[in-house]
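Okay, here's what each chain looks like letter by letter:
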Amino acid sequence: MLDVRMTAEQGARNLHLPGFVAGLSNQVTEWRTGIDTDRLSLIRHPPKVRPPLLLIHTVPDTDHPIQEARDLVAAGRRLGWPIRFEPFERGEHTEAWNVDRARYDRLVHDFLSPAQSSH
């Protein structure tokens, strides 16, 4: 999850609920936990330490909208945060490996390879 607000909004859409329900659910979470859910957004509140990141995301993901990934990549560019974004055109949430195992394995291998210091 890259942005709690966007994920909650997607969840409300998935359940065919009015948009305000997402905000209400975040508010209830804050009341019950004392955690400011807005601060959990990597997009609006990126970490101070920004190591290279391989971001693999399926485009049709109905749990976490692809826009979350695109927004994080845009924020990363502004901050000089090295994010390698690899969208997979097929697959649901966490199914990138299932739809193209060879590509997924190659991406992870190349990203973790010591020779890939440009990431």
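Details of the structure are given in the entry above.
Read on for an overview of the structure. (Residues numbered from 1 in each chain as written. Predicted model: local features only at pLDDT ≥ 70, side-chain atom pairs only at ≥ 80, totals over all residues. Heavy atoms only, no water.)

## A few points about the overall build of the chain
Note the threshold: A helix here means a DSSP run of H or I that spans at least four residues, while a strand means a run of E at least two residues long, and both kinds are numbered starting from the N terminus. Categorising residues by exposure relies on relative accessible area from a 1.4 Å probe, with only protein chains included: less than 20% of the type maximum marks a residue as buried, more than 50% marks it as exposed, and the intermediate range marks it as partly exposed. Whether two residues are in contact is decided by their heavy atoms, any of which lying within 4.5 Å being enough. Surface exposure here means Shrake-Rupley accessible area, sampled with a 1.4 Å probe, where a residue is shielded only by the protein chains that are shown. Here the positive residues are Lys and Arg and the negative ones are Asp and Glu; neither His nor the chain ends is included. In this description, the location of a charge corresponds to atom NZ of lysine, CZ of arginine, CG of aspartate or CD of glutamate.
Scanning the chain from N- to C-terminus turns up five helices and two strands. Secondary structure elements of the chain, listed N to C terminal, follow the sequence α-α-β-α-β-α-α. Over its C-alpha atoms, taken along the principal directions, the chain stretches across nearly 45 × 35 × 25 Å. Per-residue burial for the chain yields a buried fraction of 31% across its 119 residues. The contacts in the chain between residues at least 6 apart in sequence include a share of 65% that link residues at least 24 apart. Carbon together with sulfur atoms contributes 56% to the accessible area of the chain, which is approximately 7,600 Å² in total. In the chain, 15 positive and 16 negative side-chain charges are present, and the distance between their average locations comes to 5 Å.

## Things to note about the pairing of strand 2 (residues 83-88)
Walk down a regular strand and you will see the side chains alternate between the two sheet faces. Our working rule: For two strands to count as paired, DSSP must find a minimum of two bridges between them.
Here strand 1 (residues 53-58) runs beside strand 2; their pairing, made up of six bridges, is parallel. Residue pairing in the sheet places Thr 58 in a bridge with Phe 88 of strand 2.

## Brief notes about the nonpolar core
Definition in use: Working definition of a nonpolar core: buried Ala, Val, Leu, Ile, Met, Phe, Trp, Tyr and Cys residues. They are joined through side-chain atoms within 4.5 Å.
Core analysis: the biggest nonpolar cluster contains 10 residues, these being Leu 2, Met 6, Ile 43, Leu 55, Ile 66, Ala 69, Leu 72, Val 73, Trp 81 and Ile 83. Ranked by residues supplied to this core, first place goes to helix 3 (residues 66-79) with four residues. When sequence neighbours within four positions are dropped, the list of residues in contact with Met 6 reads Ile 43, Pro 65, Gln 67, Glu 68 and Asp 71. Core analysis: the second largest hydrophobic core is formed by five residues, Phe 88, Ala 96, Leu 107 and Phe 111 among them.

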